[in-house]
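Inside the fold
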Amino acid sequence: MGRLPKVFLILLLTVGLILSFKIIFTQAQETQEFASDKVLVRFQDKISEKEKDTVLFSVGAKREKKLGRINAERVKVPKSKVKETIGKLKKSSKIKYAEPDFVAKKVEIPNDPYYSSQWGLPKIKAEGGWDKTHGGDLAPVAVLDTGIDDSHPDISGKVVKRANFSWDPDVDGDGHGTHVAGIVAATTNNSIGIASLGYDTKLISVKVLDNSGSGYYSWIANGIIWAADNGAKVINLSLGGYFDSSTLRDAVNYAWGKGVVIAAAAGNSNNTRALYPAYYTNSIAVAATDSSDNKASFSSYGWWVDLAAPGVSILSTYNGNYAYLSGTSMATPFVSALSSLVFANNSSFDNQDVRNKIESTAEKIAKTGNYWTYGRIDACAALDCESFVTPTPTPTPTLTPTPTSTPTPTPSPIPSLPPETSGLSAVYYNNKDFTGRTVSRIDPTINFNWGSGSPDPSIGSNTFSARWTGKILSQFSETYTFYASTDDGVRLWVGGQLIIDNWNEQSVTEKSGTIELAEGEKYDIKMEYFENRKQAVSELRFSSPSIPKQIIPSSLLSPN
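By convention here, each chain's residues receive numbers from 1 onward along its written sequence. Side-chain atom pairs in this predicted model are given and counted only at pLDDT of 80 or more, local residue features only at pLDDT of at least 70, and totals for whole chains, interfaces and linings cover all residues. With hydrogens and water excluded, all non-hydrogen atoms of the structure serve as input to the side-chain values.

Here's the deal with the overall build of the protein chain
Each helix and strand counted, the protein chain has 11 helices and 28 strands in total. Looking at the protein chain residue by residue over its 560 residues, the buried ones come to 57%. Contact criterion: two residues are considered in contact whenever any of their non-hydrogen atoms come within 4.5 Å of each other. Contacts in the protein chain between residues at least 24 apart in sequence constitute 76% of all its contacts with a sequence separation of at least 6. Here, Shrake-Rupley sampling with a 1.4 Å probe gives the accessible areas, and only protein chains in the shown set may cover a residue. With an accessible surface of roughly 22,800 Å², the protein chain has 51% of that area assigned to carbon and sulfur atoms. To qualify as a helix, a DSSP run of H or I must reach at least 4 residues; to qualify as a strand, a run of E must reach at least 2; elements of each kind are numbered from the N terminus. Using a 1.4 Å probe on the protein chains alone, a residue whose accessible area is under 20% of its type maximum counts as buried, one over 50% counts as exposed, and one in between counts as partly exposed.

Put into structure tokens, the structure is as follows:
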């Protein structure tokens, strides 16, 4: 065979795509999506090492590896006894949590290019942003992926540190990580290859996926912690798994607490199903758009997704050459690169400032508020440049393949409420029977633990009451379960139906009720609560077959 051309295309027919998903699904079934002989454990604070060993010995487990600074560790358990062991561990008062070591997979789908070259950069007005800053050494981006091939001529000299938490050698045997890295920080204005949004931004390579593109949550958690401790200002996670994990959440929160911006792929499932770690509050969840600013046909979406970025037919570095790939994996590094540039352009900014800047300046393209909260990123606006219009580059015929199939139609959007009208109307009373002084306000959610205090200085502690009213938007036509955790009494009405009635003095207790709701409809919601001495807690959650159990988000609530 002749040598591969400098620029080649990765194409996969629909049949191949279905086959690849089938293989992944089969593997998932065989491995149960987690390590067969490992469990992630976090003990309660102030438990001695000897006590830990005793607890683990009692269930046939032994310590294997600590996970950095979040006080969690990976322990070895008898093969195929993971769930049984977790059940035993959870019965111990010394255990804060125990969970499987789940597997995450790279977020990528085969390409279907329609435009040549790098349409994404002019789409987000990168050129105007470069007039403000080229980035540099101050805000390195850690790419947690399959590794980075720093021998690629367009990445050479960009990787300043590297670490490997997988079982494969520290090389990119897959190509995914190098492709992501090129979007972030391929060398720009060097007369070869491609440009990157990050321009002069530096990279940190953290291999947390093996050469097949899979990795345990423990690898990823360790990689996040290591990156946060080794100078990363931004962490790129073009990966994800469908299982929630306290370990993974703790790692994300640790990095956030260290001042790091975390950008994570929302997933390629074309639905609203949560993907982790993108779903966590301290991650920026990123969806993918095409060159016409439509949601990519494959991209996940929903109220929990924060931003969108170009993610269809993205040209970047790959296996010593260049390739087009599509996916939220490709959209996420645009957000990571922009985060680095915003840090460079604002020396006094912390990670919350950077996130606020990018989200507040995003362009509110069509379906913003439905598919994602803030819009598609705008580099020029985020970097305070003078906006101007740059045409999309003329397609180069040699780079544009004939499409192999018609893209899957974009589904009808799931509506959500504008951010400025979100939350519920709240009235607090100075007595437990809805009498006395009142305080009125808008509460974004019902998620309160006042301890021995009260909602407001004008409201006395120990004996007060509250009433929240407004509307809730249903995302799906299915049975919803509502959960009220309170100390003391609570009543909840949805759609005029009383579904929780627990008007008693009690310690923190969770009560639930169910109701059928229709997609796209808004229903009246009212919750009443009273507190009578000791701890004051009031929390409202919901779940459905399509939504994991969680505090009801403000984006689905509107006040009266």
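So, the nonpolar core
Core analysis: the largest hydrophobic core is formed by 106 residues, its most contacted members being I224, I235, W468 and F482. In terms of residue count, the dominant contributor to this core is helix α7 (residues 217-229) (eight residues). Grouping buried Ala, Val, Leu, Ile, Met, Phe, Trp, Tyr and Cys residues that are joined through side-chain atoms within 4.5 Å yields what is termed a nonpolar core.

What about unusual backbone geometry?
Negative phi values dominate among residues other than glycine, just as trans dominates among peptide bonds. Residues Y276 and P277 are joined by a peptide bond in cis, for which omega reads 15 degrees. Of note, P277 is situated in the loop between β11 (261-265) and β12 (284-289). The backbone of S313 shows a phi angle near 55 degrees, a positive value even though the residue is not glycine. Looking at the element boundaries, S313 is found in the loop between β13 (307-310) and β14 (314-318). Judged by its relative accessible area of 2%, S313 falls in the buried class. The phi angle at K367 is positive, at roughly 80 degrees, despite the residue not being glycine. Its place among the elements puts K367 in the loop between α10 (351-360) and β16 (375-376). Of the residues examined, K367 reaches a relative accessible area of 40% and is grouped as partly exposed.

Brief notes about the packing of aromatic side chains
Side-chain rings of Phe, Tyr and Trp (the six-membered ring for Trp) are treated as a pair once their centres are within 6.5 Å; stacked means planes under 30 degrees apart, edge-to-face means over 60, and tilted covers the remaining angles. The tally for this structure, following the rule as stated, stands at 26 aromatic pairs. Between the aromatic rings of F482 and F542, the centroid separation amounts to 6.2 Å while the plane-to-plane angle is 55 degrees, which identifies the pairing as tilted. Here F482 is found in strand β21 (residues 478-487), whereas its partner F542 is found in strand β26 (residues 536-544), with 60 residues between them in sequence. By relative accessible area, which is 0% here, F482 ends up buried. Through pairs of rings, three or more aromatic residues link up here, namely Y428, F448, W450, F464, W468 and Y529. By the criterion adopted, a ring carries a charge over it if an Arg CZ or a Lys NZ lies within 6 Å of its centre and within 35 degrees of its normal. Looking at R491, its charged tip hangs above the ring of W503, at a distance of 3.8 Å from the centre. Sitting above the plane of the Y483 ring, K549 keeps its charged end 4.2 Å from the centroid.

Topic: the packing of helix α6 (residues 176-185) against helix α9 (residues 328-345)
Between α6 and α9, the shortest axis-to-axis distance is 8 Å and the interhelical angle comes to 40 degrees. Regarding the angle of α6 to α9, the classification is oblique. Where α6 crosses over α9, the handedness of that crossing is right-handed. Contacts between α6 and α9 involve H176, H179, V180, I183 and V184 from the former and S329, M330, P333, F334 and A337 from the latter. Here, axes are lines fitted to C-alpha atoms. For helices the fit covers the stretch in contact, and angles between N-to-C directions go from 0 to 180 degrees. Angles are sorted into four bins: roughly parallel if under 35 degrees, roughly antiparallel if over 145, roughly perpendicular if 65 to 115, and oblique for all others. Take the far helix as your reference; a near helix turned counterclockwise from it by less than a right angle gives a left-handed crossing, and one turned clockwise gives a right-handed crossing.

Geometric descriptors of this kind do not, in isolation, establish any biological role.
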